[in-house]
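Here is what each chain is made of, one letter per residue.
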Amino acid sequence: MAAAPQQNKIVRWIDHRLPIFTFMQHELNEYPTPRNLSYWWNFGSLSGIMLVIMIVTGVFLAMQYTPNVNMAFDSVERIMRDVNFGWLLRYLHMNGASFFFIVVYVHLFRGLYYGSYKEPRELLWMLGVVILLLMMATAFMGYVLPWGQMSFWGAKVITSLFSAIPVVGDSIVRWLWGGFSVDNPTLNRFFSLHYLLPFVIVGVVVLHLVALHQHGSNNPLGIDRKGPQDSIPFHPYYTVKDMFGLGVFLIIYAAFVFYMPNALGDPQNYVQANPMQTPLEIVPEWYFLPFYAILRSVPDILFIPAKLAGVLCLFGAIGVLFFLPWLDTSRVRSARFRPVYKWVFWLLVIDVAVLGYCGAHRPEGWFILAGRLSTLYYFVHFIILFPVIGWLERPLPLPTSIAAAVTRKGGAPLGAASPMEKH
Amino acid sequence: MRALALAVALFALAVVPAGAQEETPLPKQSWSFDGPFGTYDRAAAQRGFQVYEEVCSHCHSMNLLHYRDLEGIGYSEDEIKAIAAAQQVTDGPNDQGEMYQRPGRPSDAFVPPFANPEAARAALNGALPPDLSLIIKAREGGPDYVDGLLQGYKNPPAGMKMADNMQYNEYFTGHQIAMPPPLAGDDVKFADGTKATLTQEAHDVATFLTWASEPTMEERKFTGAKVLIFLLVMTGVLYGAKRQIWAAVH
Ligand code: HEM
């Protein structure tokens with residue numbers, strides 16, 4: 001292995017024993033990256049940065065937060081009022097959850113459009129779905145912590161879902177609650193798990209990155225790198241591009257944190273939890289609305305009662321993502337060269353938006369029909385359209401190489417010789 | 001793919017106004033604290049505090065506030081001492097093991113009108129007045145809602161059956177509210193000589209309550225301006241750096 005050209009004696013001493021500098025040199029400087037990644041490829045690093053922001057603000061919040069049903073609500077308000085910059089920590093964390101989901105959802109749809117889940121990146125994709133599941137659990141439990149009305153009733157509705165499981169359902173719910181209702185033991189365990197799970201996510205993210213670096217990034221053309229003319233080193237090209245994207249992202253995030261910190265939240269959560277008073281509407285945070293719509297839309301299916309069917313579809317909606325690499329029968333990755341899939345992809349985007357809209361409303365009137373149809377489409381999209389389109393579609397001819405497709409001259413080898421690379 | 005951004009934006013727009021339906025639309029007021037540079041009008045907030053003290057505090061607690069917090073709307077230390085001292089606070093136990101009453105101090109929390117919710121219900125025909133510390137953030141419409149609510153009492157429409165001890169209010173969900181009209185105009189004599197019309201009182205008390213809901217708002221906006229300026233400059237520089245570094249690749 002070509003050791004990093006480190007001049008510094010101390011660095012060399014350390015690197016000889018713990019090859020951390022070689023590792024960084026290898027994974028950042030030499031790591032070959034397709035030269036044609038678009039800004040949609042920024043959302044991976046943005047997700048990682050959001051995870052760090054959530055952990056840092058969360059750890060500081062936890063220093064002042066009290067997980068007790070009588071004190072939790074007031075302790076959060078104490079953070080808002082009396083802790084120096086406590087309002088900033090809290091608003092960063094609260095809006096951070098929303099922005100984390102925005103970023104991850106864009107990242108995921110990027111993967112769907114450009115076929116990033118296909119051979120040889122199946123495990124990379126599946127690890128991503130695991131991260132999504134863990135994030136959802138984390139955000140759900142975090143939302144319970146401020147112990148507002150929506151915290152309490154959201155927790156109650158979602159945990160009660162498990163009672164739909166035949167025979168053992170009620171026991172499971174009591175076990176989750178640690179008692180006969182959502183109460184202090186529930187809040188305590190949610191706090192404990194809310195603290196733990198983000199670090200589990202970090203672990204899965206590491207695996208996600210190992211899997212990524214094995215074959216490198218996919219790219220908007222969806223074709224493999226064929227030689228040095230197709231790639232550039234990650235640093236400085238993508239470090240600077242990611243940093244610029246981060247700047248734009250932070251501007252939007254900061255606009256929310258500082259100027260409309262409660263725009264994405266529910267006013268009901270500024271009312272302390274009251275187990276005796278059910279709110280008129282129990283709605284989850286926006287990032288769960290499509291799933292909530294699926295849960296509430298599903299009718300009785302044959303002998304399965306609606307409640308159980310709803311729960312199964314809810315988990316199925318994420319579970320189906322694990323199977324995409326095999327449900328998609330097309331060998332072509334990028335939708336750019338898939339004349340049919342290219343359009344069908346947008347149907348899914350619209351479908352999820354409709355689901356989200358239905359999730360925000362009571363299942364009444366035409367919302368019932370809209371919810372059911374969009375739930376049906378969601379599954380048809382993946383389970384039927386994915387394989388069928390793959391079989392029937394005639395993809396456009398693929399370019400011979402990335403360089404040939406994206407540069408005027410067909411591309412001279414780049415990277416190692418670039419002026420920025422010389423130390 | 002660019003259309004995805006649009007879809008995300010449309011999606012966000014579609015979801016936000018959920019919930020506010022089939023109610024009388026709230027008149028949108030103009031507030032000193034509106035917008036990215038808005039601050040609390042100290043005089044209005046002080047008048048609002050006076051309304052709260054003299055009217056609302058007979059029924060509503062504000063448990064999250066301390067008298068010292070009133071510095072935030074421009075009261076001086078001495079004024080705050082006097083405001084606090086006008087209240088009797090239960091303290092103790094003393095060395096005899098007994099609770100005792102003493103005049104309030106700036107570090108005390110606002111003294112609640114009732115010892116517990118049961119006492120409040122017993123005094124108010126079974127109705128429970130909510131704590132007002134966070135009321136602005138806890139209601140759709142915030143200050144516009146409270147302002148409207150205080151002025152929204154009407155005679156019930158013909159044919160509507162009102163429950164006992166209930167009042168018709170245009171802006172309350174379900175229109176039957178257990179709070180008797182708290183303001184009618186001239187309920188207080190403002191220290192600064194402003195005429196105490198109903199509109200004025202409602203507007204001022206809503207200003208006070210907004211401050212109470214979020215005393216750190218001014219610091220938030222001020223910090224936000226600095227952060228955004230920094231981010232804009234940083235992002236501009238990074239854009240330049242990106243263009244330069246990538247020039248050779250394109
Ligand atoms: C995956 C990363 C995380 C996500 C998605 C997340 C999400 C959330 C959400 C949605 C809330 C409710 C915010 C509100 O409405 O007030 C919350 C609250 C909280 N979180 Fe997290 N969180 C994450 C990481 C962490 C970590 C690592 C810690 C601690 C080390 C933490 C500590 C807290 C505390 C103490 C609260 C209660 C204070 C409050 O409600 O503002 N979080 N979290």
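Cut-offs used in this document
Residues numbered from 1 in each chain as written. Chains lettered and ligands numbered in written order. Predicted model: local features only at pLDDT ≥ 70, side-chain atom pairs only at ≥ 80, totals over all residues. Heavy atoms only, no water. Donors = N, O, S within 2.8 Å, 3.2 Å for Na, K, Ca; no water. Tetrahedral: all angles 85-135°; square planar, octahedral: opposite > 155°, others 65-115°. Helix = DSSP H or I, 4+ residues; strand = E, 2+ residues; numbered from the N terminus. Buried < 20%, exposed > 50% of the residue type's maximum accessible area, 1.4 Å probe, protein only. Contact = heavy atoms within 4.5 Å. Buried area = accessible area lost by both parts, 1.4 Å probe. Salt bridge = Lys/Arg side-chain N within 4 Å of Asp/Glu carboxyl O. Polar contact = N/O pair within 3.5 Å; in protein donor to acceptor, adjacent residues only side chain to side chain. Core = buried A, V, L, I, M, F, W, Y, C linked by side-chain atoms within 4.5 Å. Domains from an automatic or database assignment. Near = heavy atom within 4 Å. Nonpolar A, V, L, I, M, F, W, Y, C, P; charged D, E, K, R; others polar. Disulfide = S-S within 2.5 Å. 1 Å grid on protein atoms, 1.4 Å probe; cavity = no way out; pocket = protein on both sides within 12 Å on 5 of 7 lines; lining within 4 Å. Points joined across faces, edges and corners; volume = space filled by probe spheres on them. Axes fitted to C-alpha atoms, helices over the stretch in contact; angles between N-to-C directions. Parallel < 35°, antiparallel > 145°, perpendicular 65-115°, else oblique. Left-handed = near helix turned anticlockwise from the far one by under 90°.

**Some words on the coordination of the iron atom of the ligand**
All names here are of chain A.
Part 1 of the reasoning: Coordination of the iron atom of the ligand by the protein involves His93 (NE2) and His194 (NE2), with metal-donor separations of 1.9 to 2.0 Å.
Part 2 of the reasoning: Around the iron atom of the ligand, the six donor atoms sit at angles spanning 88 to 179°, and that spread fits a shape best called octahedral. One end of the pair, histidine 93, is in helix 5 (residues 86–113); the other, histidine 194, is in helix 9 (residues 184–215), and 101 residues separate them in sequence.
Part 3 of the reasoning: We classify histidine 93 as buried; its relative accessible area is 16%.
Part 4 of the reasoning: Taking relative accessible area as the criterion, histidine 194 reaches 15% and is therefore assigned buried.

**Overview of the interface of chain A and chain B**
Part 1 of the reasoning: Taken residue by residue, the interface counts 56 residues in chain A and 48 residues in chain B.
Part 2 of the reasoning: Its largest share of buried area at the contact with chain B, chain A owes to A:Arg81, A:Phe258 and A:Tyr259, together 16% of the area lost on that side.
Part 3 of the reasoning: There are zero salt bridges connecting chain A and chain B.
Part 4 of the reasoning: Inspection of the chain A/chain B interface yields ten residue pairs in polar contact (both at pLDDT 80 or more).
Part 5 of the reasoning: If you list the elements that add at least two residues to the side of chain A that touches chain B, you get helix 4 (72–81), helix 5, helix 10 (234–259), helix 11 (289–297) and helix 14 (341–359) of chain A.
Part 6 of the reasoning: If you tally residues by element for the side of chain A that touches chain B, the top one is helix 10 of chain A, at 16 residues.

**Let's talk about the nonpolar core**
Part 1 of the reasoning: Of all hydrophobic cores here, the largest spans 174 residues; its most connected members are A:Phe101, A:Leu112, A:Tyr378, B:Leu70 and B:Phe208.
Part 2 of the reasoning: If one sorts the elements of this core by residue count, helix 5 of chain A sits on top with 16 residues.
Part 3 of the reasoning: For this core, the domains that each give at least three residues are domain 1 (35–223 + 231–263) and domain 2 (281–408) of chain A.
Part 4 of the reasoning: Other than its neighbours up to four places away in sequence, B:Leu70 contacts B:Phe49, B:Tyr75, B:Ile80, B:Ile83, B:Phe110, B:Phe208 and B:Trp211.

**A closer look at the domain arrangement of chain A**
All names here are of chain A.
Part 1 of the reasoning: Splitting chain A by domain gives domain 1 (35–223 + 231–263) and domain 2 (281–408).
Part 2 of the reasoning: On a C-alpha basis, the centroid separation for the pair domain 1 and domain 2 is 22 Å.
Part 3 of the reasoning: Taking both partners together, domain 1 and domain 2 bury about 4,000 Å²; carbon and sulfur atoms supply 75% of that area.
Part 4 of the reasoning: Counting across the domain 1 and domain 2 interface gives one salt bridge.
Part 5 of the reasoning: Lysine 118 serves as the salt-bridge partner of aspartate 328, at 3.1 Å between the closest nitrogen and oxygen.
Part 6 of the reasoning: Scanning the region where domain 1 abuts domain 2 turns up 15 residue pairs in polar contact (both at pLDDT 80 or more).

**A short note on the site of the ligand**
Residues and elements named next belong to chain A.
Part 1 of the reasoning: Contacts to the ligand come from 25 residues, most closely from Gly58, Arg90, His93, His194 and Tyr195.
Part 2 of the reasoning: Side-chain polar atom of arginine 90 to an oxygen atom of the ligand: 2.8 Å apart, as the coordinates give it.
Part 3 of the reasoning: For the ligand, a nitrogen atom lies 2.8 Å from a polar atom in the side chain of histidine 93.
Part 4 of the reasoning: Broken down by secondary-structure element, the contributors of at least two residues to the shell around the ligand are helix 3 (42–62), helix 5, helix 6 (122–144) and helix 9.
Part 5 of the reasoning: Per element, the largest residue contribution to the shell around the ligand is seven residues, and it comes from helix 3.
Part 6 of the reasoning: Class assignment for the residues of the shell around the ligand results in 19 nonpolar, five polar and one charged.

**Details of the state of the cysteines**
Part 1 of the reasoning: Under the counting rule described, the total for this entry stands at zero disulfides over all chains.
Part 2 of the reasoning: This cysteine, A:Cys313, is not joined by any disulfide, and A:Cys358 carries the nearest cysteine sulfur, 15 Å off.
Part 3 of the reasoning: Residue class for A:Cys313 comes out buried when judged on its relative accessible area of 16%.
Part 4 of the reasoning: Among the cysteines around B:Cys56, which has no disulfide bond, B:Cys59 carries the closest sulfur, lying 8.7 Å off.
Part 5 of the reasoning: For B:Cys56, a relative accessible area of 15% translates into the label buried.

**Concerning empty space enclosed by the protein**
All names here are of chain A.
Part 1 of the reasoning: Under the criterion given, the structure shown has two cavities of 30 Å³ or more.
Part 2 of the reasoning: Empty space within the largest cavity amounts to approximately 50 Å³.
Part 3 of the reasoning: Lining of the largest cavity is provided by Ala293, Arg296, Ser297, Cys358, His361, Arg362, Pro363, Phe367 and Gly371.
Part 4 of the reasoning: Elements supplying a minimum of two residues to the lining of the largest cavity: helix 11 and helix 15 (366–392).
Part 5 of the reasoning: It is helix 11 that provides the largest number of residues to the lining of the largest cavity, a total of three residues.
Part 6 of the reasoning: Class assignment for the residues of the lining of the largest cavity results in four nonpolar, three polar and two charged.
Part 7 of the reasoning: Roughly 30 Å³ of internal volume is contained in the second largest cavity.

**Side note on the packing of helix 5 of chain A against helix 14 of chain A**
All names here are of chain A.
Part 1 of the reasoning: For the pair helix 5 and helix 14, interaxial distance at closest approach is 10 Å and the crossing angle is 155°. By the angle between their axes, helix 5 is roughly antiparallel relative to helix 14. For the pair helix 5 and helix 14, the crossing hand works out as right-handed. Residue-level contacts link Phe109, Leu112 and Tyr113 of helix 5 to Tyr341, Lys342, Phe345, Trp346, Leu348, Val349 and Val352 of helix 14.
Part 2 of the reasoning: Its residues assigned to classes, the contact of helix 5 with helix 14 shows nine nonpolar, no polar and one charged.

**Quick notes on the pattern of salt bridges**
Any two side chains of opposite charge can pair, so long as their charged atoms come close to each other.
All names here are of chain A.
Part 1 of the reasoning: The tally for this structure, following the rule as stated, stands at 17 salt bridges over all chains.
Part 2 of the reasoning: Two residues, glutamate 77 and arginine 81, come together in a salt bridge whose shortest N-O distance is 2.9 Å. Here glutamate 77 pairs with arginine 81, and both are found in helix 4, just four residues apart, close to one helical turn.
Part 3 of the reasoning: Among the residues examined, glutamate 77 registers a relative accessible area of 3% and is labelled buried.
Part 4 of the reasoning: Using a relative accessible area of 16% as the deciding quantity, one classes arginine 81 as buried.

**Quick word on unusual backbone geometry**
Among all residues except glycine, the phi angle is most often negative; among peptide bonds, the trans geometry is most common.
Part 1 of the reasoning: Between A:His235 and the following residue, A:Pro236, the backbone shows a cis peptide bond with an omega angle of 5°.
Part 2 of the reasoning: Take A:Pro236: it is sitting in helix 10.
Part 3 of the reasoning: Here B:Gly92 and B:Pro93 are connected by a cis peptide whose omega angle stands at 5°.
Part 4 of the reasoning: At B:Asn125, a residue that is not glycine, the phi angle is positive and equals roughly 55°.
Part 5 of the reasoning: The residue B:Asn125 is located in the loop between helix 4 (117–123) and helix 5 (142–151) in this model.
Part 6 of the reasoning: Its identity is not glycine, yet B:Asp186 carries a phi of approximately 55°, on the positive side.
Part 7 of the reasoning: Under the relative-accessibility criterion, B:Asp186 is labelled exposed at 60%.

**Brief notes about the environment of A:Leu308**
Part 1 of the reasoning: Turning to its location among the elements, A:Leu308 is positioned in helix 12 (residues 306–322).
Part 2 of the reasoning: In sequence terms A:Leu308 and A:Val103 are 205 residues apart; their C-alpha atoms lie 31 Å from each other.

**Side note on the side chain of A:Asn219**
All names here are of chain A.
Part 1 of the reasoning: Mapped onto the elements, asparagine 219 comes out in the loop between helix 9 and strand 2 (231–233).
Part 2 of the reasoning: In terms of polar contacts, asparagine 219 uses its side chain to reach the side chain of asparagine 36, at 3.2 Å.
Part 3 of the reasoning: A polar atom in the side chain of asparagine 219 sits 2.9 Å from the backbone oxygen of isoleucine 223.
Part 4 of the reasoning: Setting aside anything within four residues of it in sequence, one finds asparagine 219 in contact with Pro34, Asn36, Leu37, Trp41, Tyr114 and Ile402.

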